[in-house]
Amino acid sequence: MHVLNITQSLLGQAWRWRALEADARAGVSGDDLVTQLLLARGACRETLADHRAPSIRAFMPDPSIFRDMDRAAERLAAAVIAGEQVAVFGDYDVDGATSAALMIRLLRALGLRPVAYIPDRLMEGYGPSGAALVRLAREGASLIVTVDCGAQAFDALEMARGEGVDVVVVDHHQCAPALPAAYALVNPNRLDEGEGAAHGHLAAVGVAFLLGAALLRTLRARGFFADRAEPRLIELLDIVALGTVADVAALRGLNRAFVAQGLKVMAARRNIGLAALIEAARLTRDPSCTDLGFALGPRINAGGRVGQADLGVRLLTADDPAEARAIAAELDRLNEERRAIEAAVQAEAEARLTSGAVALVAGEGWHPGVIGIVAGRLKEKLGRPAIVIAVDGAGIGKGSGRSVPGVDLGAAVLAAKQAGLLVAGGGHAMAAGLTVAADQIGALSAFLEERLAEGVARATAERALLVDTLVAPRGVTPALVEALEAGGPYGMGWPAPRVAAGPVRVVKADIVGQGHVRAILAGDDGASVKGVAFRQADSALGQALLGAPRDRRLWVAGRARIDDWSGRASAELHLDDAAWAG
């Protein structure tokens, strides 16, 4: 059943009720709004109470269900008891930074002085290199924990074993049938994983949290806390929430609990580095899930993308407020620099787009630190998977890809690697990274096109704008926003409610910022509402808003949000689509 009989919107998609499938499955009609929202997102009636107030206790599994978890915890416990030198090797993105920060803060609280190693994106690339692991071993590390990387590091881990250092891998990226030579490899996406595979949607920081819980349990059983206080792992949930949202992990089950509880911890601002980052991002209220993804996460990422790779970890583990403020200010500056670089690369990438199931573009001299963001922008604009490759002077391309629901890009990239088309590559369903020789880019494009064309066609055919509720323009109020937020937190896999409103006339519309369209929309009920269509100035939606005749009416759909910029809270719509009314 189509919403308002809209089968072809301005952006070329049908509007459908999100609750229809849930209605057939669980009987949604007649329930209160929050219950409808929860059921429409996959909750079952038996667990409604847990989903209304997601807690760690309700959703956290026994860490021992994961392969190698107990072995990893035993090795870390031995290191803590013996006072060994432990090194934490992390990735340079937010998930890597938060995973590393969690392990470092926990090990510090247990009496160790761990060292952090974050590779330089340009000089070293993704994941542990043999040279880096050997260096850490020769500098005294007897145990190395890799976080958010390592599942494909066959050569590097073999070199580490040759040095006699133990390596525990904590990762969530897809694995090959064979595994590298790690002392323990904890990853819910191992192909031989059993019960733990149900948690394959966890970000690496979520896996690290589970390892932390297993470590504390192991130490507790050994009497380690008989004469000392046990660290409160729950106090690190602010870091877990940030990494989970920024890595676009599906907010289902345990991840929803991580974020819901992590936001509460973050509101207390006990982490000095996070408090400084919130201040640098000019947030005057408690951070929301949206803020994690669009304000705090990008600033942490900026260090790894265009600055110094370890800034994020240093900030999240800082104990000195002055140092934290200085790092946060630098990350804020780098984020502005990143935006300028990103805009230039995106413009060039869009000029090179061709037709096909996968939008794969490559360019010489593009900054590899922004290609993931550009790939995401292209994916959103085109509605199909996108891969952006930056080729250096030596003829080596570093690529980053983003996918659409229903198309497993990570598996396709891993298959391309196994077919000999890539120097390196891996990822998960919605995102992947790769290294490819410039002369193989054409063959890679053909391989991905053949492998993914059917899935992309199916995803495109099924594409629809899912709507949760319909209101008159007067109904877009702060009270509506508050009611909708009760079903959160929202994010990937647990989408924010979408509101359809109208019919409306466009009273005024203009372009603001980087291609955003701002409009005042008036309804037949005499009420008006502000709408913003982000990065839509050149799209059919943006052009319709900018050029709508006064005598034509529109139905609009988007997310209802609170606008507190002026100091007085009002509601506005962040527009996703529109359709002519009649």
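Everything that follows concerns the structure shown earlier in this document.
Our subject in this report is the structure included herewith.

Cut-offs used in this document
Residues numbered from 1 in each chain as written. Predicted model: local features only at pLDDT ≥ 70, side-chain atom pairs only at ≥ 80, totals over all residues. Heavy atoms only, no water. 1 Å grid on protein atoms, 1.4 Å probe; cavity = no way out; pocket = protein on both sides within 12 Å on 5 of 7 lines; lining within 4 Å. Points joined across faces, edges and corners; volume = space filled by probe spheres on them. Helix = DSSP H or I, 4+ residues; strand = E, 2+ residues; numbered from the N terminus. Nonpolar A, V, L, I, M, F, W, Y, C, P; charged D, E, K, R; others polar. Contact = heavy atoms within 4.5 Å. Salt bridge = Lys/Arg side-chain N within 4 Å of Asp/Glu carboxyl O. Buried < 20%, exposed > 50% of the residue type's maximum accessible area, 1.4 Å probe, protein only.

### What about empty space enclosed by the protein?
Argument step 1. Taken as a whole and judged by the stated rule, the model has two cavities of 30 Å³ or more.
Argument step 2. Of the volumes computed, that of the largest cavity is approximately 40 Å³.
Argument step 3. As for the largest cavity, its lining consists of Val481, Leu484, Glu485, Ala496, Pro497, Ala560 and Arg561.
Argument step 4. Mapped by element, the contributors of at least two residues to the lining of the largest cavity are helix H19 (478-485) and strand S17 (554-563).
Argument step 5. Here the lining of the largest cavity takes three residues from H19, the largest share from any one element.
Argument step 6. The class makeup of the residues in the lining of the largest cavity is five nonpolar, no polar and two charged.

### Some words on the side chain of Gln346
Argument step 1. Note on placement: Gln346 falls in helix H15 (residues 321-351).
Argument step 2. When neighbours within four sequence positions are excluded, Gln346 is seen to be in contact with Val374 and Arg377.

### Observations concerning the pattern of salt bridges
Argument step 1. Tallied over the full model, the rule gives 37 salt bridges.
Argument step 2. Here Asp68 ties to Arg190 by a salt bridge, and the two come within 3.2 Å at their closest N and O atoms. Of this pair, Asp68 sits in the loop between helix H4 (56-59) and helix H5 (69-82) while Arg190 sits in the loop between strand S6 (184-186) and helix H9 (204-221), and the two are 122 residues apart along the sequence.
Argument step 3. Exposure remark for Arg190: the relative accessible area of 10% places this residue in the buried category.
Argument step 4. For Asp192, the salt bridge goes to Arg190, with nearest N and O atoms at 2.8 Å.

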